[in-house]
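# Structure at a glance
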Amino acid sequence: MNIISKLTLRHLLENKKRSIVTILGIATSTALISAILLGVFSFFSFFGYISVQTSGAAHAVFEKVSKEQYEELLNDKTLETVGLRELDGKKSGVRLLTDTDERFRVGNIDHATMKDYSMRVVSDYEGTLPVNSSEIAVEEKFLKDNGLDLKVGDELTFEEGYRYIDDELEGFSYLGGTYRSDELFKANSTETCTITAILHGNRATKDWDILRGMDDGYFPKQDAAQVSIMLKKCNSSAIKQIKDIVKKYGIQKYTINTEYMLSRFAFEGSAGSYKSFFVLMGIALIIVIATSVILIFNSIGMSLTERMRYLGMLASVGATARQKRFSIYYEGFVLGIIGIPLGLLLGYIGTRITLAILGRRILEADILAGAEGMRGTIPIVCQPSVIIAIIFFSALTIMLSVLVPGIKAARIMPIDALRQSTTIKVRARNLRVNPLIRKIFGYEGELAYKNIKRNGVKGKVITISIAVSIILFLTINFFCESIKRANDYDVDIPYQIIASCSLDESDRLRSEIRDMDGVKDVYSAGMIQFAFKKKPDDKYTTLANTDIADRAFLTESFRDKPDAFDLYSMSVAIVDDEDFNKILDENGLSREDYYSGQLRGVLLNSYFHEVNDAPVFNDGIIGQSLHYDETMGFPPAIEVAALVPYTADNKVLEYVPRGTMTVFVPRSVYYEKAKEVLPEDKLTLDLAVETTDNKAVYSKIYQLMQEEGYHNYYCTDLTDSLKIMDTITLMLNTAMYGFSTLLTLIAVANIVNTISTGVLLRRKEFAMYKSVGLDNGGFKKMIWLEVFLYGFKALLWGIPISLLLSFMMYKSFDSALYTFNPNLLFYGVVVLAVFGILGISMGLSINKIKDDNIIEALKEDAV
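Notes on the structure in this doc start here. Remember, predicted model here, so these are calculated numbers, not experimental data. (Residues numbered from 1 in each chain as written. Predicted model: local features only at pLDDT ≥ 70, side-chain atom pairs only at ≥ 80, totals over all residues. Heavy atoms only, no water.)

### Some remarks on a nonpolar patch on the surface
To be explicit about the condition: By definition, no residue in a patch forms a salt bridge, and every one has over 30% relative accessible area; like charges are joined within 9 Å, nonpolar side chains (Val, Leu, Ile, Met, Phe, Trp, Tyr) within 5 Å. Reported accessibility uses the Shrake-Rupley method at a 1.4 Å probe radius. Residues are deemed covered only where the shown protein chains occlude them. When a carboxyl oxygen of Asp or Glu lies within 4 Å of a side-chain nitrogen of Lys or Arg, that pair is called a salt bridge. Numbering of helices and strands runs from the N terminus; a helix is a DSSP stretch of H or I covering at least four residues, while a strand is a stretch of E covering at least two. Relative accessibility under 20% of the residue-type maximum defines a buried residue, over 50% an exposed one, and the middle range a partly exposed one, all with a 1.4 Å probe and only protein chains included.
A surface patch of nonpolar side chains, about 790 Å² in accessible area, is lined by Phe788, Phe792, Leu796, Trp797, Ile801, Leu804, Leu805 and Met808. Checked against the element boundaries, Ile801 lands in helix H23 (residues 776-817). You can call Ile801 partly exposed: its relative accessible area is 32%.

### Focus: the packing of aromatic side chains
Condition: Two rings from Phe, Tyr or Trp (for Trp, the six-membered ring) form a pair when their centres sit within 6.5 Å of each other. Planes less than 30 degrees apart are called stacked, planes more than 60 degrees apart edge-to-face, and all others tilted.
This model, assessed by the stated rule, comprises 19 aromatic pairs. With centroids separated by 5.6 Å and ring planes inclined at 40°, the aromatic side chains of Tyr70 and Phe219 adopt a geometry described as tilted. On the criterion of sequence distance, the pair formed by Tyr70 in helix H3 (residues 67-74) and Phe219 in the loop between strand S10 (210-212) and strand S11 (225-231) is long-range, its members being 149 residues apart. Each member of the pair, Tyr70 together with Phe219, is buried. The rings of Tyr162, Tyr164, Phe172 and Tyr174 are connected pair by pair, giving a single aromatic cluster.

### Some thoughts on the sheet that holds strand S13 (residues 497-502)
To keep it simple, the criterion reads: Note on pairing: DSSP must find at least two bridges between two strands before they are called paired.
As summarised here, the arrangement of the 9 strands in space is S17-S18-S16-S19-S15-S14-S20-S13-S21, forming an open sheet in which the pairing is mixed. What marks the edges here is a single partner per strand, and that holds for strand S17 (625-626) and strand S21 (714-717). Where strand S16 (residues 600-604) lies against strand S19 (residues 662-666), 2 bridges are found, and the strand directions are antiparallel. Bridge pairing in S19 places Leu603 opposite Val663.

### A closer look at the packing of helix H1 (residues 3-14) against helix H2 (residues 16-55)
The criterion, for reference: Working convention: axes come from line fits to C-alpha atoms, limited for helices to the stretch in contact. Angles between N-to-C directions cover 0 to 180 degrees. An angle below 35 degrees is treated as roughly parallel, one above 145 as roughly antiparallel, one from 65 to 115 as roughly perpendicular, and anything else as oblique. Residues count as neighbours in contact if any of their non-hydrogen atoms are within 4.5 Å of one another. Under the scheme applied here, ten amino acids are nonpolar (Ala, Val, Leu, Ile, Met, Phe, Trp, Tyr, Cys and Pro), four are charged (Asp, Glu, Lys and Arg), and all others, including Gly, are polar.
Remark: H1 packs on H2, axes separated minimally by 5 Å, with the N-to-C direction vectors making an angle of 95°. Viewed along their axes, H1 and H2 adopt a mutual orientation that is roughly perpendicular. On H2, the residues that touch His11, Leu12, Leu13 and Glu14 of H1 are Lys16, Arg18 and Ser19. Residue composition of the contact of H1 with H2, grouped by class: 2 nonpolar, 2 polar and 3 charged.

### Things to note about unusual backbone geometry
With phi around 50°, Lys64 is a residue other than glycine that occupies positive phi space. For Lys64, the position within the fold is in the loop between strand S1 (60-63) and H3. Of note in the backbone geometry, Asn712 takes a positive phi value of approximately 50° without being a glycine. With a relative accessible area of 42%, Asn712 lands in the partly exposed category.

### Focus: a negative patch on the surface
We count it as follows: We treat Lys and Arg as the positive residues and Asp and Glu as the negative residues; His and chain ends play no part in the count. In plain terms, the charge of a residue is placed at NZ if it is Lys, CZ if Arg, CG if Asp and CD if Glu.
Where like charges cluster on the molecular surface, the negative patch consists of Asp547, Asp550, Asp629 and Glu630. Along the polypeptide, Asp629 turns up in the loop between S17 and strand S18 (638-644). Taking relative accessible area as the criterion, Asp629 reaches 62% and is therefore assigned exposed.

### Describing helix H18 (residues 577-586)
Along H18, the residues classified as buried are Asp577, Asp579, Phe580, Asn581, Ile583 and Leu584. The inward-facing, buried residues of H18 contact strand S14 (519-531), strand S15 (569-575), S16, S18, S19 and helix H19 (667-677). Directly after H18, the chain includes Gly588, whose backbone phi takes a positive value near 65°.

### Focus: the nonpolar core
To keep it simple, the criterion reads: Residues enter a nonpolar core if they are buried and are Ala, Val, Leu, Ile, Met, Phe, Trp, Tyr or Cys, with the set joined through side-chain atoms within 4.5 Å.
Residues Met570, Phe617 and Ile701 are the most contacted members of the largest nonpolar core, which totals 50 residues. Discounting chain neighbours no more than four positions away, the residues touching Ile701 are Ile497, Ala499, Ile513, Met516, Val689 and Cys715. One finds Leu314, Leu335, Leu355 and Ile412 within the second-largest nonpolar core, a separate group that totals 38 residues.

### Describing the pattern of salt bridges
When the charged atoms of two side chains lie near each other, side chains of opposite charge can form a pair. In total, this model carries 23 salt bridges according to the counting rule given. Here Arg163 and Glu183 are joined by a salt bridge, their closest N and O atoms 2.8 Å apart. With a gap of 20 residues between them, Arg163 in strand S7 (residues 155-167) and Glu183 in the loop between strand S8 (171-174) and strand S9 (184-199) connect regions that are remote in the sequence. Classification of Arg163 by relative accessible area gives buried; the value is 1%. Since its relative accessible area comes to 8%, Glu183 is described here as buried. Between Lys675 and Glu680 there is a salt bridge, and its shortest N-O distance comes to 3.9 Å. Ionic contacts of the salt-bridge type, sharing partners, join the residues Arg85, Asp110, Asp116 and Arg120 into one network.

### Looking at helix H12 (residues 384-410)
To be explicit about the condition: Take the residue count of a helix, subtract one, and multiply by 1.5 Å to get its expected span. We define the bend at any residue as the angle between the axes fitted to the seven residues before and including it, ending there, and the seven starting there.
Over its 27 residues, H12 extends 36 Å from the first C-alpha to the last, a length consistent with the 39 Å expected when each residue adds 1.5 Å. The sharpest bend along H12 comes to roughly 35°, located at Leu403, with the proline Pro405 sitting one to four residues further on. Among all positions of H12, only Val386, Ile390, Ser394, Thr397, Ile398, Ser401, Val402, Pro405, Gly406, Ala409 and Ala410 are buried.

### Topic: the side chain of Glu139
Convention followed: Whenever a nitrogen or oxygen atom comes within 3.5 Å of another N or O atom, the pair is scored as a polar contact, on the condition that within protein one atom can donate a hydrogen and the other can accept it, and that pairs from neighbouring residues in sequence are kept only if both atoms are in side chains.
Here Glu139 is to be found in strand S6 (residues 135-139). In this structure Glu139 is buried but unpaired, with Lys141 as the nearest side chain of opposite charge at 8.9 Å. Within polar-contact distance, the side chain of Glu139 engages the backbone nitrogen of Asn202 at 3.0 Å. Excluding residues that lie within four positions of it along the chain, Glu139 makes contacts with Leu199, His200, Gly201, Asn202, Thr205, Trp208 and Asp209.

Here it is, written out as structure tokens:
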């Protein structure tokens, strides 16, 4: 180890606090990068796993393949596996010779080579896969349904033929899948085969009860020949490889397993759907790297300032520019050697815990197509290529951070370094102080102002560091809140079950449900929708009168976005009279106006269900009516009599999901008017049920309705649907707020590191003030005024810039956000937090030097 390396290590050890903070910053940055890359690779890999479980491991399937093409594919050295399958409708049916019902005896039989089955049988099974036509693999459930207790090695006799339907309505067609009571079976032959494998619910072949092998040398007709392939090297070029094979052998029809290709990041031809995702991931990486660069750059910059004198001394005894530059680069290398592995470990642990929690919720919610019923979690993928990518981005972060300080170190001249003449460069005129500062803050305030000016680059670094931290924190928070507002899956209705029955039986049903164990509350929460426009695929909806959908009734924020906000429909919530009265009382509305015989309602003038939410409608909509041009057979007309804002403490307003424009009406008046236009025996009332045990309560309600003779009844448990929505929301919130929290930690570390290092570098300066008679009280006042000025200047830049960036984000979100609504209370909290962090950092740093000996401090080499 040379002298430069030894001196660098000694310097890092002498400044343990800053070194530790910098290492933690690098570790946090690496952890964030790890979380992004490990999370993305793990999710995509899991999608590949789901694809294999659902449709098998084949990378592509070729249809109508000739025998010559098949033989050429067998000899292709780029292919790992080539399997042949016969798709002949006349041989697709099977019927067992048992005494069970026809629906159990009849099933489906597949014919393929062992290589093909090896790609499609991906679950556990007993025995070996069939290799010729005398061997079969059978689903365990098929045997059990027919009362057969057979094992591997036993023989099974069955009829092979086809299932079909042949009538005037549908004509003739082969059948597969679930048994139909009107289907027929045509037996072509009776076969006896040896069972070589028993399958245990193999998803990829779930439509086939028996898998029969294929003899060597047998090749089906070309129209029925299907070939499945697996590449030897399935990577990001897999789709291109498959297309080259298709072109090379003249395959006319093919299908690529695009779901599996996603796990190998092969996107050719399907990249459009994922382009925005990777753009978002790239933006996240850039934010992490930029934030981390600022932290490490500040730390290295402070370190360079501290070492200015000794680097000058080294230069005076012959140290070259390269050696001085190496000192800075070596410092970054040492910090990275410790910080990157630590960050990798933290990132791995954090990602694994996150995937375990999220994975379990995702699978339990049955969100993923093909994974229904699967339980467990999402395994973390930690491939060497992923680790290399993480190390690369982390090393890039450090390299960018040390680049400028390294160049500056190389340019240090011996005389300038020994004099420290480049540390502070300020002209006298720039030290002029506004007289108001002295009048307001006194002499100490003038000193504080001049100190910041004299600190030059160090002062600017502190201000910029704080400002950047503020900007990042506020803009990322606005982004998270915007995503949350735009999230259609964030449904927060208070009930779990909806039970409905005839109106005249509703009071009895309500009473019986309320008496059930586990029921917290029961109330009316019926919903009727008045549609004003048909969606493109809607052919049956009858449209309501569209007078009320006039855009002139919208406020300017919503009226200016015709493409984004359009009134397709308006909902009516039928609530209990006491619940409706609560809305009236909270808004100072007269009850008499709503119970006088005319059906009137109040329109909730909030889209996002937020306190102080921007109103959607102006007063012009008051007096307008929701109605159909035809009267009889349709819901009664409803007049909008008032607009009411959203309030957080009124549960009634949560009966409807946000993003729904809803008119609330009292139950008694609504049904009084409904009887005039609808037959009374057709009227039903929906009851919302809040419960702590949804499955048990749902079962009891459904049983009650069946046994007690209720009419026009139905009952639905919303929990599964709400679980899916909650899981999607949880995924979004975990990604957004986890990301925001870690970046906040980096920003706070940045401020603490910069302030504490700046104080330590000013020991001589503080000693000088004390030596000329500045008492302890004046010294503290000066320091706290510096804190105030640093924070004020940083906020003066940070808040406007963050508002500007937030507004730019809003413009990109305008199709879903409608109004620019930054959280001003949060801005206030940030202001207090900035001064709090600055104060604590400065206080702790000053506390460390309060007992410094004036003479010893003045002798220090550092400025």
